[in-house]
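Results of the structural survey
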Amino acid sequence: VGSLPYLMQLPLESVYLENNKLPLFPVELLALPQLHTLSIRRGKHRPRQPMQTPEGGPWGSTRLENLIIEGYAMAEDMQLGPFPNLREVDIQRCRLQSMAFLSQSPLLERLRLRGNQLHTLPPFLSHLTHLREVDLTENPWQALHLDLTGLNALQKFHLST
């Protein structure tokens, strides 16, 4: 992560970070002018504290299309979004408690939030008319109210505790 200043000078379209100690979400990468994919995976590193976002957010990107985070606990108050061009989200085993940062992502096609701490489905999901695949398995659901009538592109919907 100490190489972030060097990365910022490159015309990167994809950034894959694995097995790094990331106490803070690398929001600087969201400013890369050509970034379409950001992948953060825990690997063998076992973070002790949830990943935070720096003060001064919210932190979003108008270019980001794919966001992948695996195995990093995310702080409850992460200041992420908006992501208006996001098409795919894959956030697994991150103790995510809210999907609010996706409320301004109308182009979402794939939403995978497996193995988190989600309790309710937000109303904005019923307005994501491009959704084709949803995987919300392994979450401790308490309230499930969702109008699926407008989701005409939906092909797969997985939901379990």
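Data block above holds the structure.
What comes next is a walk through the structure. Please read all numbers here as calculations on a predicted model, not as lab measurements.

So, how was this worked out
- Every residue gets a number counted from 1 within its own chain, in the order that chain's sequence is written.
- Where local features are concerned, this predicted model is filtered to residues with pLDDT of at least 70; where side-chain atom pairs are given and counted, the filter is 80 or more; whole-chain, interface and lining totals use all residues.
- Just so you know, side-chain values use all the structure's heavy atoms and leave hydrogens and water out.
- In DSSP terms, a helix is any run of H or I states spanning at least four residues, a strand is any run of E spanning at least two, and both are numbered starting from the N terminus.
- Any two residues whose heavy atoms approach within 4.5 Å at even a single point are treated as in contact.
- Within this analysis, patches are made of residues with over 30% relative accessible area and no salt bridge. Like charges are joined at 9 Å or less; nonpolar side chains (Val, Leu, Ile, Met, Phe, Trp, Tyr) at 5 Å or less.
- Computed with a 1.4 Å probe, the accessible areas rest on the Shrake-Rupley method; for each residue, only the protein chains presented here act as cover.
- Salt bridges are identified by distance alone: a Lys or Arg side-chain nitrogen within 4 Å of an Asp or Glu carboxyl oxygen.
- We call two strands paired when DSSP finds no fewer than two bridges between them.
- Where helices are involved, their axes are fitted lines through C-alpha atoms of the stretch in contact, as for all axes, and angles between N-to-C directions lie from 0 to 180°.
- Three exposure classes are used, based on accessible area relative to the maximum for each residue type with a 1.4 Å probe and protein chains only: buried under 20%, partly exposed in between, and exposed over 50%.

Topic: unusual backbone geometry
- Residue Gly57 is joined to Pro58 through a cis peptide bond whose omega torsion reads 15°.
- With respect to the helices and strands, Pro58 occurs in the loop between strand S2 (37-41) and strand S3 (66-70).
- Here the bond from Gly81 into Pro82 is cis, since omega is 0°, no more than 30 degrees from zero.
- Phi angles above zero are rare outside glycine, and Arg95 is one such case at about 60°.
- Within the fold, Arg95 resides in the loop between strand S4 (88-92) and strand S5 (110-112).

Quick word on the environment of Glu28
- Tracing the chain through its elements places Glu28 in the loop between strand S1 (14-18) and S2.
- Not counting the four nearest positions on each side in its chain, Glu28 is found in contact with Leu4 and Met8.

Overview of a nonpolar patch on the surface
- On the surface, a cluster of nonpolar side chains totalling about 310 Å² of accessible area is made up of Leu144, Leu148, Phe157 and Leu159.
- Tracing the backbone shows Leu159 in strand S7 (residues 156-159).

A few points about the side chain of Ser105
- Mapping Ser105 onto the fold places it in the loop between S4 and S5.
- In this structure Ser105 touches Phe83, Pro84, Leu86 and Leu128, once residues within four positions along its chain are discounted.

Brief notes about the sheet that holds strand S6 (residues 133-136)
- Reading across from one edge, S1-S2-S3-S4-S5-S6-S7 is the order of the seven strands in this open sheet, with parallel pairing throughout. Two strands bound the open sheet, and with one partner strand each, they are S1 and S7. Across this sheet, the average inter-strand angle for adjacent strands is 5°, counted without regard to direction.
- As judged from the five bridges shared by S1 and S2, these two strands associate in the parallel manner.

Concerning the pattern of salt bridges
- Enumeration according to the criterion identifies ten salt bridges in this entry.
- Arg132 serves as the salt-bridge partner of Glu109, at 3.5 Å between the closest nitrogen and oxygen. Placement of Glu109 in the loop between S4 and S5 and of Arg132 in the loop between S5 and S6 is noted, with a sequence separation of 23 residues between them.
- Looking at Arg132, the relative accessible area reads 29%, which means it is partly exposed.
- Salt-bridge contacts for Asp135 lead to Arg114; the nearest nitrogen and oxygen are separated by 3.5 Å. Taken together, the positions of Asp135 in strand S6 and Arg114 in the loop between S5 and S6 put the pair 21 residues apart, joining distant regions of the chain.
- What makes Asp135 buried here is its relative accessible area of 10%.
- Among the charged side chains, a salt-bridge network with shared partners connects Glu88, Asp90, Arg110, Arg112 and Glu133.

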